Amino acid sequence: MVDGSGGVPDAGASEGGAGEPALDRPLPEGVRHRVVAIAADAFGGFTYADLPVSLRPYARFTPSRRVKYAATALAAALESDAGFRLKVAGKLREVQPELTEALDGGTPPPAADPLDVAAAAYLLRPAGWAKLVATAGEEAQRADAERADEETLAELARLREEVDELRAQARTEAIRARSELETVRKESDALHRKLRAAHSDVKRAEAAQRKLQNEVDDVRAAAERDRAAAEAEARRLRTRLTEAEAVMEAGRRAVREGRSVEDVRLRLLLDTVLDAAAGLRRELALPPRDTIGVRPADTVEAVAPGQFSAHDIATRALSATDPQLLDQLLALPQAHLVVDGYNVTKTGYPSLPLEKQRLRLLGGLAALAAQSGAEVTCVFDGADLDMPVLLAPPRGVRVLFSKAGETADELIRRLVRAEPPGRQIVVVSADREVADGVAKAGARPVASTLLLKRLARV
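## Description of the overall build of the chain
At step 1: Helix and strand content of the chain: 14 helices and five strands.
At step 2: By residue count, 28% of the 458 residues in the chain fall in the buried class.
At step 3: Across the chain, contacts joining residues at least 24 apart in sequence account for 59% of those joining residues at least 6 apart.
At step 4: For the chain, the exposed surface amounts to about 29,300 Å²; the carbon and sulfur share of it is 56%.

Structure (structure tokens):
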């Protein structure tokens, strides 16, 4: 049988060595390799039928591939199949006849390789073949040991030479390193001296810098104080200048506004008087002035019979709920119609949004102003507005919103007080407090329903 290494542990007596003892140890490795190589070379001279079943898969392999892949199978076949071994031995006789004849004669050639002798003896099995195989294995091991010793000695000598070279290099490097170290030490000492000198210079420079920095900080602090004082003085002067300019501008504006307001008030009063006089003259069918001389009694100030106020003329023929009453009031000379906007819209169409209420009322007032020719002002409450109202007033209608903190009623009262005494002012509002207040100022209050009835006809 074949052991795990591919060798043959025991080889019994064969037909060439009957009575010879078998191997008492495994087939030496060198002998086994040589036997496998001989069998691999002889393998190609056999027919497929001559091969054992275990070796037939390797029939088409080259000898080198048989040695590599079929070594174990070849060794087992040579050990177990005597016929196959004899066939390999026959091929060996053809290739090495001198070696095989010498083995058959019992005198192996002394110059032959011991491994070749042992492999041939294993295949031919002459008398004493086991001893030849064992002796060849020992000689091969001894030769391998001698070669190993020689290689070891050679390697040891080479290593000693390398160690000597490395020691010499190390001594040279140590000398050079000591020289360089001394040079570096000297340079280091010089650098240390320079560094100490530089460090002293840096300390002196830092001290000088700190001194300069303190001086600069003092100068900056003084400059900052002077600048703050100058800015405070400049702010005080600018404040006084602004106050003086505001006082001057307020004075100029007061003068301009006073003159312009008084001029307008006088102009409106004069126009009202002239238009009222002309209207009364037409209504009373008075003759022209140039036909009657001025009498002294005419210069006495008194209420003459036949002079009527706007209230007397309006109520002479119409009731307070007749829309024509508003037409008669607006037909008076220089009449001014002031409308409490939201009071009218919330009376007439409260369900609409505020924007649509304003647009609907202003549209009706524009038509009324065009028909009557009277001055029309519509006032809305703007105290609760979050932002300005984007509104383009219609032609002939003045649209005003009360300021923050002021109601529309207060704005209407200020409008009435701004008019000159004697001008016909008609205020439309359902608020009794507003009506009473404007009536005391000389204006004529009318109900919101009266204006809504009049606008329904527009």
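## As for the packing of helix H12 (residues 408–418) against helix H13 (residues 432–440)
Helix-helix packing: each pair is described by the crossing angle between the helix axes and the interaxial distance.
At step 1: Two numbers describe how H12 lies on H13: the axes approach to 10 Å, and their chain directions differ by 15°. Relative to H13, the element H12 is oriented roughly parallel. For the pair H12 and H13, the sense of crossing is right-handed. Residues Asp-409, Ile-412, Arg-413 and Val-416 of H12 lie in contact with H13, whose contacting residues are Glu-433, Val-434 and Val-438.
At step 2: Residues that form the contact of H12 with H13 fall into these classes: four nonpolar, no polar and three charged.

## Some points on the packing of helix H3 (residues 71–80) against helix H4 (residues 82–95)
At step 1: Interhelical geometry of H3 versus H4 gives an angle of 105° and a closest axis separation of 5 Å. In terms of orientation, H3 and H4 fall into the roughly perpendicular class. Every residue of H4 that contacts H3 at Leu-74, Ala-77, Leu-78 and Ser-80 is listed here: Ala-82, Phe-84, Arg-85 and Val-88.

## Notes on the pattern of salt bridges
At step 1: Applying the stated criterion across every chain yields a total of 18 salt bridges.
At step 2: Of the charged contacts in the structure, one is a salt bridge between Arg-423 and Glu-419, with a shortest N-O distance of 2.7 Å. Note on accessibility: Arg-423 and Glu-419 belong to one class, buried.

## Let's talk about the nonpolar core
At step 1: Membership of the largest hydrophobic core comes to 38 residues, with the highest contact counts inside it found for Leu-74, Phe-84, Val-88, Leu-123 and Val-133.
At step 2: For this core, the secondary structure elements donating two or more residues are helix H1 (29–43), H3, H4, helix H5 (97–104), helix H6 (114–124) and helix H7 (129–284).
At step 3: Here this core gets nine residues from one element, more than from any other, and that element is H6.
At step 4: Counting residues in hydrophobic clusters, the runner-up holds 30 residues, among them Leu-326, Leu-329, Val-426 and Leu-451.

## A few points about the environment of Val-261
At step 1: Structurally, Val-261 can be placed in helix H7.
At step 2: Taking the relative accessible area as the measure of exposure, Val-261 reaches 42% and is therefore partly exposed.
At step 3: Linking Val-261 and Ala-418, residues 157 residues apart in sequence, is a C-alpha distance of 8.7 Å.

## A few points about the sheet that holds strand S5 (residues 444–446)
At step 1: Strand order across the open sheet formed by five strands is S3-S2-S1-S4-S5, with parallel pairing between neighbours. In this open sheet, the two edge strands, each paired with only one partner strand, are strand S3 (397–401) and S5. The mean angle between the axes of side-by-side strands here comes to 20°, regardless of whether they run parallel or antiparallel.
At step 2: For strand S4 (residues 425–428) and S5, the ladder comprises three bridges, and the chain directions are parallel.

## Section: the confidence of the model for the chain
Predicted coordinates in areas of low pLDDT are best not read in detail.
At step 1: Here the chain averages 79 in pLDDT, while 83% of its residues score no lower than 70.
At step 2: This stretch, residues 303–308, has a pLDDT under 50; its non-local contacts, to residues over four places away or in other chains, come to three contacts.

## Let's talk about unusual backbone geometry
At step 1: The backbone phi angle of Gln-334 is positive, close to 55°, even though this residue is not glycine.
At step 2: With respect to the helices and strands, the residue Gln-334 is situated in the loop between helix H9 (323–330) and strand S1 (336–340).
At step 3: With a relative accessible area of 27%, Gln-334 lands in the partly exposed category.

## A short note on the pairing of strand S2 (residues 375–380)
At step 1: Most of S2 is tucked away: five of the six residues are buried.
At step 2: Across five bridges, S2 lies against S3 in parallel orientation. Bridge pairing in S3 places Val-379 opposite Leu-400.

## As for the side chain of Arg-423
At step 1: Structurally, Arg-423 can be placed in the loop between H12 and S4.
At step 2: For Arg-423, a relative accessible area of 4% gives the class buried.
At step 3: Engagement of the side chain of Arg-423 in a polar contact is seen with the backbone oxygen of Gln-334, the distance being 2.8 Å.
At step 4: If sequence neighbours within four positions are ignored, Arg-423 has contacts with Leu-268, Thr-272, Gln-334, Ala-335, His-336 and Glu-375.

Here is what the cut-offs are and how they apply
Residues numbered from 1 in each chain as written. Predicted model: local features only at pLDDT ≥ 70, side-chain atom pairs only at ≥ 80, totals over all residues. Heavy atoms only, no water. Helix = DSSP H or I, 4+ residues; strand = E, 2+ residues; numbered from the N terminus. Buried < 20%, exposed > 50% of the residue type's maximum accessible area, 1.4 Å probe, protein only. Contact = heavy atoms within 4.5 Å. Areas by Shrake-Rupley, 256 points an atom, 1.4 Å probe, with all protein chains shown as cover. Axes fitted to C-alpha atoms, helices over the stretch in contact; angles between N-to-C directions. Parallel < 35°, antiparallel > 145°, perpendicular 65-115°, else oblique. Left-handed = near helix turned anticlockwise from the far one by under 90°. Nonpolar A, V, L, I, M, F, W, Y, C, P; charged D, E, K, R; others polar. Salt bridge = Lys/Arg side-chain N within 4 Å of Asp/Glu carboxyl O. Core = buried A, V, L, I, M, F, W, Y, C linked by side-chain atoms within 4.5 Å. Pairing = 2+ DSSP bridges. pLDDT = per-residue confidence, 0-100. Polar contact = N/O pair within 3.5 Å; in protein donor to acceptor, adjacent residues only side chain to side chain.

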